[in-house]
Amino acid sequence: KRQDYTLSNDKWKNWVFELSGSYNNDKEESRKTNRYEIEFEIDKLTEDWRIGAELRRNETNRKFYSDDNVYTSNRKTTSFNGRVVRSISDHFSAGIFFGASQNTYENLDFSSYVAPAIEYSYFPYKDVLSKEITLAYRIGLGKRNYIEKTIYGFEKQELTSQTLSLNVRFRQKWGNISSYLNATQFLNDGSKKRLSLRSDLDIRVFEGLAVRLSGNINLRTDDFNIFDIFQKIRKCH
């Protein structure tokens, strides 16, 4: 007989650990690309609390061949995100989100943010280990230190933003389905926006190991950090 996957029979005592990674190697006549990504996520899930943290690292190295010249490009990203959320009732909660990152492609030497939030849950929070559909609104302050001075003359900057997030996640014995949709508007300049969508399908091979299929979409006009990107492409003889 199938048992429901609930907090009452969770042998991990409401802790959820996920470690994932990927590697891509693509070689063509005119270019070569190597890319890897490692992600570690830990969550503590109860009716009253949702505490979590995520650490992600990826690097992409590219070589472009033109005549007798070789051009190289290197992109590195490291990010940490955390959250502490406390239930107010069966369907509402309040909390705080925070994080830090470094991204050579986006010209970020160091970026950090903190954002209080309110959240509505379609399902009662007692079902959080097996199913989630939540809508959260947060408003926060971020600080950025840039690697190179931006075309707007900034070496560092403080930004305020508001974000609306939709989170859908179902955890079952055969695997997980999750999708995250974030819409962000920067209050310093209302014309600067960002929309991001990520969906994952994890199919369990056996306990402790799953195969993940992922998809990402990013639409953005938040070009505060733009700089002369061509100076980061090096020519090798």
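Calculation criteria
Residues numbered from 1 in each chain as written. Predicted model: local features only at pLDDT ≥ 70, side-chain atom pairs only at ≥ 80, totals over all residues. Heavy atoms only, no water. pLDDT = per-residue confidence, 0-100. Helix = DSSP H or I, 4+ residues; strand = E, 2+ residues; numbered from the N terminus. Contact = heavy atoms within 4.5 Å. Pairing = 2+ DSSP bridges.

Caption draft 1: How the structure looks around the confidence of the model for the chain. Per-residue confidence for the chain averages 84 on the pLDDT scale, and 88% of its residues sit at or above 70. Per-residue pLDDT, averaged within each element of the chain, yields its smallest value for strand S12 (residues 234–236) (49) and its largest for strand S5 (residues 92–103) (95). Across residues 1–8, where pLDDT falls below 50, the model places 15 contacts with residues more than four positions away in sequence or in other chains. Residue range residues 229–237 is modelled with pLDDT below 50. Its contacts to residues more than four positions away, or to other chains, number 18 contacts.

Caption draft 2: Geometry of the pairing of strand S7 (residues 131–146). For strand S6 (residues 108–121) and S7, the ladder comprises 11 bridges, and the chain directions are antiparallel. Pairing of Ser121 across the sheet is with Thr134, part of S7.

Caption draft 3: How the structure looks around the pairing of strand S4 (residues 69–87). Two elements, strand S3 (residues 49–66) and S4, share 18 bridges in a ladder whose sense is antiparallel. By the bridge assignment, Arg57 is partnered in S4 with Thr78. Alignment of S4 against S5, held across 11 bridges, turns out to be antiparallel. From the neighbouring strand, Arg83 faces S5, where its bridge partner is Phe97. What sits between the antiparallel neighbours S4 and S5 is a turn of four residues.

Caption draft 4: Region of the structure containing the environment of Ala183. With respect to the secondary-structure elements, Ala183 resides in strand S9 (residues 175–186). With 10 residues separating them along the chain, Ala183 and Lys193 place their C-alpha atoms 7.5 Å apart. Filtering out sequence-adjacent residues up to four positions away, Ala183 remains in contact with Gln162, Thr163, Leu164, Arg194 and Leu195.

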